[in-house]
Every structure is written in C-alpha cells, then in structure tokens.
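The lines below spell out each chain.
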Amino acid sequence: MRKNRTGGGLRGSFTIEASLLLPVIIFLIWNILYLSFFLYDQSTVLQGCYCTALRTERMIGTAEEKKIAAEEKYKQAVKQKTAAAVLEYKMERSEDEIWVETEFTLQAPGENLFQSVWKGRQKQRADTWEPVAFIRKCRKAENIWNVIQSGNV
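Residues numbered from 1 in each chain as written. Predicted model: local features only at pLDDT ≥ 70, side-chain atom pairs only at ≥ 80, totals over all residues. Heavy atoms only, no water.

(A) Main features of the overall build of the protein chain. Across its full length, the protein chain carries three helices and three strands. Each helix and strand of the protein chain, ordered N terminal to C terminal, gives the series α-α-β-β-β-α. Here the protein chain holds 153 residues, and the buried ones make up 24% of them. Long-range pairs, those at least 24 residues apart, make up 54% of the contacts in the protein chain between residues at least 6 apart in sequence. Element-wise, carbon and sulfur atoms account for 58% of the exposed surface of the protein chain, whose accessible area totals about 11700 Å². (Helix = DSSP H or I, 4+ residues; strand = E, 2+ residues; numbered from the N terminus. Buried < 20%, exposed > 50% of the residue type's maximum accessible area, 1.4 Å probe, protein only. Contact = heavy atoms within 4.5 Å. Areas by Shrake-Rupley, 256 points an atom, 1.4 Å probe, with all protein chains shown as cover.)

Right under this line is the structure:
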C-alpha cells in the first residue's frame, strides 16, 4: 500500500476502478455467452427447416401422412436441438415446393434490469422432387464421370 503524497491516507483508486469495471466485464461476458446461444439456435433452425422441408418433400404418401411425418422430423431436427428459445413454426406447401418457416425468441440476460429479447427468423424451401428428372441428372453425371475416367476430355 502506498501512502498518498499529501500525507495520511491510503490510495484506493484500484478498488474503485475494479468496482466500476468488474460489473461491465461480467455483463459483457454474460452477453457473449447468450450471443453464442443465439447463433447456435440460428444455425440449428436454418438447417432444421431445410432438412424438414427436404425430407418431407421426398416422402411418398398422403398429405396427412406427410404432415405428421414433417412434424416429427421438425421436432427431431429443431425442437430437441435448440437452446433456451421459444419456437413458432409453420409449413406451407405449393404445387412445386415446400416452405418451412421458424421464428424463435431468446430472452436476453438481465430481464429484471431492462427488457431485451433477441429474435431470429428462418424460412427454407425444398423444390418438388421429380424422380424422372433426378434419374436423368444421375445418368448425366455418370456419363460425365465415364468421360473423365477414359481421358477423352
């Protein structure tokens, strides 16, 4: 401890600086932690929506069977993998594509001090699968591969 130049008192500037700076540092670390949860949820929802749309489109069956299967696939791909978020989703089907849209809300830390809600939204689609077109693309890819392997490029 160093004495003050004026004589009697001890300097306490480090204690005062620490008491002002430490809450700010803890708040920043806490928010970075929640930001990582938010980014994790965002990527999970993005991939889950696309996988649900794609897997639903590839199914064979009635519309009701597809709807039930899609809800189960969505539950496995998104609901069970998100971290502390409130999810709302809807699925749309048109003639040539399926859309899966999800909105999620993550309550930020410090709820009693100030209101802060982080929201994210993803909408992914899968084109309608046409087996004949798919087989033709596979054959074209196989033909290209054979040409490359034969060295006649």
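(B) Molecular detail of the pattern of salt bridges. Counted according to the given criterion, the structure contains four salt bridges. Across the pair Arg121 and Glu101 runs a salt bridge, and its minimum N-O distance is 2.3 Å. With Arg121 in strand E3 (residues 117-127) and Glu101 in strand E2 (residues 97-107), this residue pair connects regions lying 20 residues apart in the sequence. Of the residues examined, Glu101 reaches a relative accessible area of 7% and is grouped as buried. Note that Glu103 is salt-bridged to Arg121, the shortest N-O span being 3.6 Å. Residue Glu103 is found in strand E2, and its partner Arg121 is found in strand E3; the two are separated by 18 residues along the sequence. Within this structure, Lys90, Glu92, Glu101, Glu103 and Arg121 form a network of salt bridges that share partners. (Salt bridge = Lys/Arg side-chain N within 4 Å of Asp/Glu carboxyl O.)

(C) Region of the structure containing the nonpolar core. Counting 15 residues, the largest nonpolar core has Val100 and Trp118 as its most contacted members. Of all the secondary structure elements, the ones that give two or more residues to this core are helix H1 (13-57), helix H2 (63-79), E2 and E3. Leaving out residues up to four positions away in the same chain, Trp118 has contacts with Asn31, Tyr34, Leu35, Phe38, Phe104, Thr105, Leu106 and Ala108. (Core = buried A, V, L, I, M, F, W, Y, C linked by side-chain atoms within 4.5 Å.)

(D) Structural view of the packing of H1 against H2. Running from N to C, H1 and H2 point in directions that differ by 155 degrees, and their axes come no closer than 9 Å. For the element pair H1 / H2, the angle class is roughly antiparallel. In terms of crossing hand, the pair formed by H1 and H2 is right-handed. Contacts between H1 and H2 involve Thr44, Val45, Gly48, Cys49, Thr52, Arg55, Thr56 and Glu57 from the first element and Lys66, Ala70, Lys73, Tyr74, Ala77 and Val78 from the second. Looking at the contact of H1 with H2 residue by residue, the classes come out as six nonpolar, four polar and four charged. (Axes fitted to C-alpha atoms, helices over the stretch in contact; angles between N-to-C directions. Parallel < 35°, antiparallel > 145°, perpendicular 65-115°, else oblique. Left-handed = near helix turned anticlockwise from the far one by under 90°. Nonpolar A, V, L, I, M, F, W, Y, C, P; charged D, E, K, R; others polar.)

(E) Looking closely at the packing of aromatic side chains. Per the stated rule, a full pass over the model turns up five aromatic pairs. Each ring, one from Phe38 and one from Trp118, has its centre 6.0 Å from the other, and the planes form 85 degrees; the classification is edge-to-face. Of the two residues, Phe38 sits in helix H1 while Trp118 sits in strand E3, which places them 80 residues apart along the sequence. Here Phe38 matches Trp118 in class, with each residue buried. Here the aromatic rings of Tyr74 and Tyr89 are separated by 3.9 Å at their centres, their planes lie at 20 degrees, and the arrangement is stacked. (Phe/Tyr/Trp six-rings, centres within 6.5 Å; stacked < 30°, edge-to-face > 60°.)

(F) Local environment of a positive patch on the surface. Together, Arg136, Lys137, Arg139 and Lys140 line one region of the surface with positive charge. Locating Lys140 in the fold gives a position in helix H3 (residues 131-150). (Patch = residues over 30% accessible without salt bridge, like charges linked within 9 Å, V, L, I, M, F, W, Y side chains within 5 Å. Lys, Arg positive; Asp, Glu negative; His and termini not counted. Charge placed at Lys NZ, Arg CZ, Asp CG, Glu CD.)

(G) Broad picture of a nonpolar patch on the surface. A contiguous nonpolar patch, built from Leu21, Leu22, Val24, Ile25, Ile26, Phe27, Leu28 and Ile29 and spanning about 740 Å² of accessible area, is present on the exposed surface. Mapped onto the elements, Leu22 comes out in helix H1.

In short, shape yes, function no, at least from these values alone.
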